[in-house]
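# Structural description and commentary
Chain residues, written in single-letter form:
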There are 4 protein chains.
Amino acid sequence: MPGRHHLFVPGPSNVPDRVLRAMHRAQEDHRSSAFPELTHGLLRDIKPVFGTQEGRPFLFAATGTGMWEAAIVNTLSPGDRVLAVRLGQFSHLFIDTAEKLGLKVEVIDLEWGDALDPAVIGERLAADANHALKAVLVVHNETATGVTNDIEGLREAMDAARHPALLLVDGVSSIGSLAFRQDAWKVDVAITGSQKGFMMPAGLGMVSLSPRALERIETAGFARHYFDLRPQVLHNDQGYFPYTPALAHLFGLREALDMMAEEGLDNVHARHARLGEGVRRAVAAWELRLCARDPESRSNTVTAIVVPDGKDARQVIDHAFRRWDMALGSGLGRLNGKVFRIGHLGDCNAGMLLAAIGLAEVAMHDAGIPVPLGSGVAAAQRWYRESA
Amino acid sequence: MPGRHHLFVPGPSNVPDRVLRAMHRAQEDHRSSAFPELTHGLLRDIKPVFGTQEGRPFLFAATGTGMWEAAIVNTLSPGDRVLAVRLGQFSHLFIDTAEKLGLKVEVIDLEWGDALDPAVIGERLAADANHALKAVLVVHNETATGVTNDIEGLREAMDAARHPALLLVDGVSSIGSLAFRQDAWKVDVAITGSQKGFMMPAGLGMVSLSPRALERIETAGFARHYFDLRPQVLHNDQGYFPYTPALAHLFGLREALDMMAEEGLDNVHARHARLGEGVRRAVAAWELRLCARDPESRSNTVTAIVVPDGKDARQVIDHAFRRWDMALGSGLGRLNGKVFRIGHLGDCNAGMLLAAIGLAEVAMHDAGIPVPLGSGVAAAQRWYRESA
Amino acid sequence: MPGRHHLFVPGPSNVPDRVLRAMHRAQEDHRSSAFPELTHGLLRDIKPVFGTQEGRPFLFAATGTGMWEAAIVNTLSPGDRVLAVRLGQFSHLFIDTAEKLGLKVEVIDLEWGDALDPAVIGERLAADANHALKAVLVVHNETATGVTNDIEGLREAMDAARHPALLLVDGVSSIGSLAFRQDAWKVDVAITGSQKGFMMPAGLGMVSLSPRALERIETAGFARHYFDLRPQVLHNDQGYFPYTPALAHLFGLREALDMMAEEGLDNVHARHARLGEGVRRAVAAWELRLCARDPESRSNTVTAIVVPDGKDARQVIDHAFRRWDMALGSGLGRLNGKVFRIGHLGDCNAGMLLAAIGLAEVAMHDAGIPVPLGSGVAAAQRWYRESA
Amino acid sequence: MPGRHHLFVPGPSNVPDRVLRAMHRAQEDHRSSAFPELTHGLLRDIKPVFGTQEGRPFLFAATGTGMWEAAIVNTLSPGDRVLAVRLGQFSHLFIDTAEKLGLKVEVIDLEWGDALDPAVIGERLAADANHALKAVLVVHNETATGVTNDIEGLREAMDAARHPALLLVDGVSSIGSLAFRQDAWKVDVAITGSQKGFMMPAGLGMVSLSPRALERIETAGFARHYFDLRPQVLHNDQGYFPYTPALAHLFGLREALDMMAEEGLDNVHARHARLGEGVRRAVAAWELRLCARDPESRSNTVTAIVVPDGKDARQVIDHAFRRWDMALGSGLGRLNGKVFRIGHLGDCNAGMLLAAIGLAEVAMHDAGIPVPLGSGVAAAQRWYRESA
């Protein structure tokens, strides 16, 4: 189709031209004496994005799914009991990963659309007097429902319960877009991937381990190889990787980190907050319901919109794609057909979202959901002007 | 600024990624035995875009401005008297070029916003019994006012006047976007550049000569070198150029022609008509005036919008650029401050124009022109749905 | 440094501009209704490169190291006894992977520089009357020594021993460059990565399973998640992936497969044979020794050259890099300092290797190994002319 | 053909990836308030490359051929008498341009392969007591013969003759590669293009005018438009161009200037000298003759090699192209079939030239010119080691 494709899934996000250019580059010898400069620079400059000075980041040729595995196999042991919260498809898959790998997962199931309640987790941990629970597994931002969990509050609850469980946090759709404070929140393993806030194609996985988590890699009981952090530590210290790294992605990461630093991380976060609010105001103007129930937990990277009873969100998505050259996120798992999602993360601005909102309106019309045309756009315009 | 820049000047237009990729290529020897395949293919496949089978196209490392010169110096002689119509900044500059080069230009001056009247030209030619006028110089689409002239009607008027003047037509902002029929309209020299309907960066000029015009290159009285078509004919016949061609642009043109052929030229034209109508409906919803007065002459590649009395269009443009990362076309020459322009040509689609219209609305607000937010977007949405 | 960097490590290989261009592309929704066309096309067209019709290929965001893991965890079970041959650093690491994951590896250790002897493996298998050995793990092409093993002969020996062990073959530096016949050789799992014969940046891992191996994925005893093939089967059947794929690499693979098909796979293999022979003739002219002892086993993708006693290959590599902007492969593991390696795989031609050989000559001089300047180049020139 | 194409024509030179990446960029509004930063930066940073502080550079969407025209039409008048030296195809074409445009050119014809003799020009000027000669037109580096003229000496001779003729110098294949001192040599118009030392695709022409030449643009008698410098002065002063500039090339120029500054212009010139000497030593080893007779005048950007009597250089070129994927420069004009040329300018290094020399050797063999294989390579290797 002529013209630019309108990509508004919540990942992969739109890759800025600067990053694509940076990746369009001849390969190099990853064992050369010049290579450590790249490695060390990346591992240094990625730390602020995770909100850490004490933590240690690692890079893998893998996607976020692989990073779930890396987090688990390097800090836990088969048969370990862990506590997890399921509140959408990605927290579900995180749990699924843990179970597939042999953890015993105690699941707190929430309505999809709700945020976790730190108090509930705190109570459960307080009740675990023997510290049978070895870790807490949560998502920071549930991409499927557009809900952002309160990790700071969770940490307070864990501390109040004086429970030593590790805190493993999926930040795939938050880190790089939303404020993430690994040190302040004492997140033991923070997990993310390249194709969202980092504005790159998928294919680079990133984890950052707290000092406490890093100690566990020597004692973790999982047989493992690809995601084993022990050789990574040794090689990274020298500026290398234990096996061939995904070099094009490293070049891309270099550029993405430079872009984030140029904008300023606080500005990046504020921009996402501003952009997300515009989308939410559009949804309010449409008189549609957000999947995320609690206003405090509404995500600044993705908005899941509930279609009216009797309507099929898949039709919105399908018309958007076929008629309007726009990709919307679908309802995942039990939300299939009930929601469509607009991603507003990474390399995004107000004008792009006016297009997204405007196209969502026409696609909804096509699907028999006649929100007043222009109503969401107008609401977003007002907000973007106010907040400019 | 983060996110994609919103480029809506009427040239350079947005270069599609395919074309940028095609231009991102190692150089080659333009004298190699393999080179003619590229040359011949381009010169063959560009013909349909000019609407010609009989005509002969030429390619130059130059912009459209250079093609005005190429058209004149290859078909006319210093001191020749020509007839031209001034109805905006670009027809003005075409005339200026002719005068600078030494032609005697008889100018029909119109209000900027009006289209040429074929009857007036026909009458003037009919009155020129001695055929003192050697050529008629007009723009097909006046980029400064958003007015498309009726070249078919002009040809009929010229034929009715039985006048042998050459017809030189600037199609810089029309060819490749609007239907152009060099053969049917008996256009002697059709002129264009790469950065509009051809969806490329500026830097490649193109002219196509009718057989009658082509004969003139031997007798044209201008001393000339760079734009001389005589060596071009000789070298092009062999698949080469008389001097180093702008190779990256030739690679880009190859891709652009392939894209046009894939979409189908009729579909390209229909798409521009549909997209342009959406912008016009937005302007109507804003209750603003188009610079182009006659509804029949409103351009499908660019719309010039008149701001209310007492308002300054430059402020709209400046706010759009600085606050909203959007480039709008300015009012040129005597229209400075009075109009802003939205380009909707080349690689463009409905979603892009919803962004353009939505951003224009907020920029107008910033400039003290409080059109109802979302009103233009809604009008465009309705039309794009109707016409989908 | 000005001018093009001379990259002659045996991976990453030189990525052709066409592939880089293909990867320089806006992202897309990997869950769209248009996506299966890409997936199905890749999984279909990669089969001939593996030499398989019956096999089933899979694609991962990972490097070749991850594919070792994928091969093992999907077809074997913890504690399984396997037979492996160690004849260089990469076969060593393959064994290391297997041990880390919990296999009991019976290792046949060879001199580094020797090829495996199918008869020895056949004898060992014949002696394994109870079929305690569940798999044979070998490398097709040992990248560290420049030795190509005879997989066809190995298969014959295994068949003669009537042993049901699975045959797992690392083809990282062979598949895409050397003839590989998964079906004919009854290779149960063929393993490769993107950054060698496939001419791409690292980051895409590929395995192909025989029907027999594919059955094992249901019974394999490893807890696993990221590299689990079961969800891949389900999603790939529909044209999707169970989690976000490395999209840029998929675009690159599409182009690489097209390029291979255009050249013709037999031609690709013949080209590598011709190019490799030129390098070997250069080494002979230098009167230096190849690491690969048996002439029959000398690799057509990489040549490891033994420096004279008392010389340090690291100096050759270091001078090549710092003075001549050339990357040579180093001696890995126990070969460190003893060999340097020239990669001649992927997007390579005679002229590139004349540069490689010529630069290796000057770098050797710099390192105190005064081979006659031009001697290796001349030998290669003669061969390339003869074989042109 | 697989592998990298070996481009060794003396223009277009190899465009470094950095420049290609810089050109691969979305277009922008060339009338925006941010645009002058680009314009002013380019016009400032290009000055050192011309060796000027006093001069004023201009940029055109055109090739070097257009810059001949720009130089002439802005500083001279039709019918003006000028003195020129013809010593190869490009000086011939410069003369041809002048004649086509209506100058009366007094030509000093040299053997092709000879350099101009400043004394001869000095004498001719001294004899021109009435100053009938308005300008001297010479090439700095004759690309067709590989001869570099002594512009410094020419200036001395002109000064000694106390003749006010303007000095117009074609530096197309020198500026950016060889030391060029516009101010010191009092060059009135220095002419160049983008596709040689500037390491870009063709399509951007550059001229720099001395203050004295700049005054002439007001009085020059040529009717002109596209190449008229008067509007350029006015618009450039504001940071703009009088018509749409070749934006992709401006982006490329920005990067090329940055690369030159990073390397250091003196280092750029020294590198060209070193690289050129290596090629000449190869030719000496081949016992072939250089087209450039005087050792002092041999060009560091291009070497023209005379094939033995009875041999046809076109066959060398043709075999190089078809069998070895290498582009060599052909013999132009009267040198057709007698010489082939190797370009060693722009983004070039020793390893690239070892490939060029090695491939030229095999192509000569193919064409029946059996120079000892490897002999030229060895001579170049020795020199590059010595001079490293």
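Residues numbered from 1 in each chain as written. Chains lettered and ligands numbered in written order. Predicted model: local features only at pLDDT ≥ 70, side-chain atom pairs only at ≥ 80, totals over all residues. Heavy atoms only, no water.

### Digging into the environment of G176 of chain C
Residue and element names in this part refer to chain C. Mapped onto the elements, G176 comes out in the loop between strand 8 (166–170) and strand 9 (189–193). In this structure G176 comes out as buried when scored by relative accessible area, which is 2%. Distance from G176 to R281, taken between C-alpha atoms, is 23 Å for residues 105 residues apart in sequence. For G176, the residues in contact, after removing those within four places along its chain, are V49, G197, M260, V268 and H272. (Helix = DSSP H or I, 4+ residues; strand = E, 2+ residues; numbered from the N terminus. Buried < 20%, exposed > 50% of the residue type's maximum accessible area, 1.4 Å probe, protein only. Contact = heavy atoms within 4.5 Å.)

### Comments concerning the sheet that holds strand 2 (residues 56–61) of chain D
Strands in a sheet are paired, the pairing made by backbone hydrogen bonds, and the direction either parallel or antiparallel. Residue and element names in this part refer to chain D. On the basis of which strands lie adjacent, the open sheet formed by seven strands has the order 2-10-9-8-5-3-4 and mixed pairing. The sheet is open, and its two borders are formed by strand 2 and strand 4 (104–109), each paired with just one other strand. Neighbour-to-neighbour, the strand axes of the sheet open up by a mean angle of 20°, direction not taken into account. For strand 2 and strand 10 (residues 204–209), the ladder comprises six bridges, and the chain directions are antiparallel. The partner of L59 across the bridge, within strand 10, is M206. (Pairing = 2+ DSSP bridges. Axes fitted to C-alpha atoms, helices over the stretch in contact; angles between N-to-C directions.)

### Notes on the domain arrangement of chain A
All names here are of chain A. Domain parsing of chain A yields domain 1 (6–12 + 265–387) and domain 2 (17–262). Between the C-alpha centres of domain 1 and domain 2 the distance comes to 27 Å. Summed over both partners, the interface of domain 1 with domain 2 buries about 2,200 Å², with 58% contributed by carbon and sulfur atoms. At the boundary of domain 1 with domain 2, the tally comes to one salt bridge. Here R293 makes a salt bridge to D114, at a shortest N to O gap of 2.9 Å. Joining domain 1 to domain 2, the criterion identifies twelve residue pairs in polar contact (both at pLDDT 80 or more). (Domains from an automatic or database assignment. Buried area = accessible area lost by both parts, 1.4 Å probe. Salt bridge = Lys/Arg side-chain N within 4 Å of Asp/Glu carboxyl O. Polar contact = N/O pair within 3.5 Å; in protein donor to acceptor, adjacent residues only side chain to side chain.)

### Concerning helix 11 (residues 265–286) of chain C
Residues and elements named next belong to chain C. Given a rise of 1.5 Å per residue, 22 residues ought to cover 32 Å, and the 32 Å separating the end C-alpha atoms of helix 11 matches this to within 8%. Those residues of helix 11 that fall on the buried side of the exposure criterion are V268, H269, R271, H272, L275, G276, G278, V279, R280, A282, V283 and W286. Here the buried face of helix 11 lies against helix 10 (247–263), strand 11 (289–290), strand 12 (302–306), strand 14 (339–343), helix 13 (350–366) and helix 14 (375–386). Looking one or two residues past helix 11, E287 carries a phi angle of roughly 60°, positive in sign. (Expected span 1.5 Å × (residues − 1).)

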